[in-house]
Amino acid sequence: MTTNRASARYEGFGKDGKGSITTKSGVLDAQPYGFGTRFEGQPGTNPEELIAAAHAACFTMALSFGLARAGYNGDTLETSAVVTLDQVDGGFQITKSALTLTGKVPGIGADEFAAIAAEAEKNCPVSKLLNCEITLDHSLEN
């Protein structure tokens, strides 16, 4: 159906190495990443931040389509994702992606909103890809 592409380049090894990430769309063009951006808060990005962005975006779009199928006209959906990288068995593993959603959907009840959001979380392609705990906390604004 569709394919997308990104590339990473790493010069040097370990903590001293420096990398860059480039995406096909150009939204990331030699964006720096490395040990410092991943573990020490230095400027640049890291894989977990990119996964969090992808998960938040994918889930929010899936929810938008679910609400449209249910007959709702949009106002606003806002999702943040916090991806956790833990040290596990001597290595690292992404262990959790915590989604926090705030929605403003005229005419919907809290239970229906929660059900449609849960379905979107379960079926968004990035949720399906991640092999970790996924949580969803949501609130509905009137």
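Described below are features of the structure shown in this document.

In this section: the sheet that holds strand E4 (residues 76-88). Pairing between sheet strands relies on hydrogen bonds along the backbone, with the strands arranged either parallel or antiparallel. The mixed open sheet is built from 3 strands, whose spatial order is E4-E5-E6. Edge positions in the sheet fall to E4 and strand E6 (133-141), since each of these pairs with one other strand and no more. For this sheet, the mean angle separating the axes of adjacent strands, direction not counted, is 15 degrees. With 13 bridges joining them, E4 and strand E5 (residues 91-104) adopt antiparallel strand pairing. By the bridge assignment, leucine 77 is partnered in E5 with glycine 103. The sheet strands contacting helix H3 (residues 110-123) are E4, E5 and E6, and the helix crosses E6 at an angle near 150 degrees.

Our focus in this paragraph is the environment of phenylalanine 92. With respect to the helices, strands and loops of the structure, phenylalanine 92 is situated in strand E5. Looking at phenylalanine 92, the relative accessible area reads 51%, which means it is exposed. Expressed as a C-alpha distance, the spacing of phenylalanine 92 and asparagine 46, which sit 46 residues apart in the sequence, is 14 Å. In contact with phenylalanine 92, not counting residues within four places along its chain, are Phe39, Leu85, Asp86 and Gln87.

Cut-offs and rules
- Residues numbered from 1 in each chain as written.
- Predicted model: local features only at pLDDT ≥ 70, side-chain atom pairs only at ≥ 80, totals over all residues.
- Heavy atoms only, no water.
- Pairing = 2+ DSSP bridges.
- Helix = DSSP H or I, 4+ residues; strand = E, 2+ residues; numbered from the N terminus.
- Axes fitted to C-alpha atoms, helices over the stretch in contact; angles between N-to-C directions.
- Contact = heavy atoms within 4.5 Å.
- Buried < 20%, exposed > 50% of the residue type's maximum accessible area, 1.4 Å probe, protein only.

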